[in-house]
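Survey of secondary and tertiary structure
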Amino acid sequence: MAFHDLNIAYASDDAELSNTLAFARELEYTTVALAIGITSKLPPQLPQVARDRIKIPTGLRVLTRLTLTLSDPSQNHRINALTAAYDLLALRPSNDKAFQLCCATLDCDIISLDFAHRVPFPLKFKTVASALQRGIRFEVCYSTGIVGSNDARRNLVSGAAALIRATRGRGIILSSEAKNALGLRAPWDAINLAQVWGLSQERGKEAVCEEAGKVVRLAGMKRSSFRGVVDIIDHGSNDMLVEEPTMTDSPQKATAEAQTSDMPQPAFPVPTLRQVTVVPEKASNAKRKASSNSLNEPPSTRVADGKPLSKRELKRQAKKARLDKAAGEHEQQQRPPKKEKSNGFSFQHEALVSKNKG
């Protein structure tokens with residue numbers, strides 16, 4: 001089971017960052033992201049994570065992330081160019097206009113809300129649903145409720161509960177945003193903490209495992225594939241060249257070919273390679289041929305030229321036979337009874353005898 005923590009604060013002068021990563025590995029995290037936060041305008045040169053100064057423990061995957069705080073989206077015209085510089089891009093809106101723009105149009109991987117302070121705009125289902133349809137996930141960071149003040153803890157509980165109600169518990173990931181090892185918690189502790197906010201244990205497990213993994217995979221597809229759909233491995237062509245082994249016609253021919261080369265003469269036919277151009281077969285409008293089983297069918301199911309009858313024709317013939325049989329029975333019932341022949345007795349009825357005499 002792969003546990004993710006996609007938000008660990010990074011600072012270039014942080015001497016305890018290696019210890020924080022080692023502690024995260026002890027807590028059974030397999031993927032973490034070192035986040036660089038920018039709250040003002042984008043600088044001319046973007047800050048980078050110095051991996052050579054960090055001791056990464058074995059079995060831990062470390063990603064780079066940029067968390068950009070948006071107050072006026074019109075001033076950050078370089079947002080689309082940030083995806084190539086970092087593995088993950090997270091936007092943190094500070095007002096309602098920036099939040100709606102992040103959910104509707106801006107290209108990012110995560111929408112991270114600062115729940116250490118009271119959220120100044122409402123979280124509506126229609127707004128967050130537009131982001132979920134685009135594959136964007138919402139992040140809840142729990143370290144402010146652990147090492148922060150009472151107000152930060154209160155704001156975290158109310159804000160996380162409002163987000164869970166708006167998203168119906170879907171599309172949420174849990175991160176720590178820890179600045180040191182004290183802000184980290186084990187994955188199951190974070191799942192139990194999310195239950196206090198109203199997130200079920202099943203959804204909480206998805207927030208740490210499946211949903212966070214989807215964010216990482218989708219971000220990788222955006223950066224390494226064509227339009228986030230397929231990876232371009234090689235340019236395609238209509239014709240494929242296939243080398244097919246063929247045996248020579250005779251041992252004499254193989255001997256003649258061997259004498260023209262520097263190779264020693266073989267004592268058996270040598271397979272050679274010839275180049276074959278494979279052309280895609282065009283779709284034909286011809287009907288399928290009759291299977292071998294159709295030859296074993298009775299003659300009533302085949303026409304004169306040997307082709308099998310279709311199922312529709314067989315049904316039509318069966319229906320016609322039933323109708324003919326029913327018509328014959330009906331005609332037989334309507335036919336008048338036959339007169340019985342005289343059985344040869346000599347006496348007749350008295351009324352008939354008197355009538356004949358008169």
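Note: the structure precedes this text.
The structure reproduced in this document is the subject of the present report.

Scoring rules and cut-offs
- Counting restarts for each chain: residues are numbered from 1 in the order of the written sequence.
- Selection of residues for local features in this predicted model requires a pLDDT of at least 70, selection of side-chain atom pairs for listing and counting requires 80 or more, and totals for whole chains, interfaces and linings are taken over all residues.
- The side-chain figures draw on all heavy atoms in the structure; neither hydrogens nor water molecules are used.
- Here the aromatic set is Phe, Tyr and Trp, taking the six-membered ring for Trp, and pairing holds for ring centres within 6.5 Å; pairs whose planes are under 30 degrees apart are stacked, those over 60 apart are edge-to-face, and all others are tilted.
- Helix and strand assignments come from DSSP, with helices taken as H or I runs of at least 4 residues and strands as E runs of at least 2, each series counted from the N terminus.
- With a 1.4 Å probe rolled over the protein chains alone, any residue whose accessible area is under 20% of its type maximum counts as buried; one over 50% counts as exposed, and the rest are partly exposed.
- A ring is considered to have a charge above it if a Lys NZ or an Arg CZ atom is located within 6 Å of its centre and within 35 degrees of its normal.
- Here, nonpolar core refers to any group of buried Ala, Val, Leu, Ile, Met, Phe, Trp, Tyr and Cys residues whose side-chain atoms link them within 4.5 Å.
- It only takes one pair of heavy atoms within 4.5 Å for two residues to be counted as in contact.
- A helix is expected to reach a length of 1.5 Å times the quantity of its residues less one.
- In this analysis, axes come from line fits to C-alpha atoms, helices being fitted only over the stretch in contact, and the angle between any two N-to-C directions falls in the range 0 to 180 degrees.
- Just so you know how the angles are binned, under 35 degrees is roughly parallel, over 145 roughly antiparallel, 65 to 115 roughly perpendicular, and the rest oblique.
- Take the far helix as the reference: if the near one is turned anticlockwise from it by less than a right angle, the crossing is left-handed, and if turned clockwise, right-handed.

**What about the packing of aromatic side chains?**
- With the rule as written, the count across this model stands at 3 aromatic pairs.
- An angle of 45° between the planes, with centres 6.4 Å apart, marks the rings of phenylalanine 99 and phenylalanine 138 as tilted. Remark: phenylalanine 138 occurs in strand S6 (residues 137-141) and phenylalanine 99 occurs in helix H2 (residues 96-104); sequence separation between them is 39 residues. Neither phenylalanine 99 nor phenylalanine 138 differs from the other in exposure class; each is buried.
- An aromatic cluster is defined as three or more aromatic residues linked by ring pairs; in this entry it consists of Phe99, Phe121 and Phe138.
- Sitting over the ring of phenylalanine 125, arginine 168 keeps its end group 4.3 Å from the ring centre.

**A closer look at the nonpolar core**
- Ranked by internal contacts, the top residues of the largest apolar core, which has 61 residues, are Leu34, Phe99, Ile111, Val140 and Trp197.
- Contact partners of tryptophan 197, with chain neighbours within four places excluded, come to Val140, Tyr142, Leu156, Val157, Ala160, Ala161, Ile164 and Leu174.
- Ala33, Ala90, Ala212 and Ala219 belong to the second largest nonpolar core, which has 11 residues in total.

**As for helix H8 (residues 210-224)**
- Here H8 spans 21 Å end to end across 15 residues, near enough to the 21 Å set by a 1.5 Å rise per residue.
- Within H8 the residues assigned to the buried category are Glu211, Ala212, Gly213, Val215, Val216 and Ala219.

**A closer look at the packing of helix H6 (residues 187-197) against helix H7 (residues 201-208)**
- Look at H6 against H7: their axes get within 9 Å of each other, and the N-to-C directions meet at 135°. As summarised for this structure, H6 and H7 are arranged oblique, according to the angle between their axes. Remark: the crossing between H6 and H7 carries right-handed chirality. Between H6, through Pro187, Trp188, Ile191 and Gln195, and H7, the contact on the second element is made entirely by Gln201, Gly204, Lys205 and Val208.

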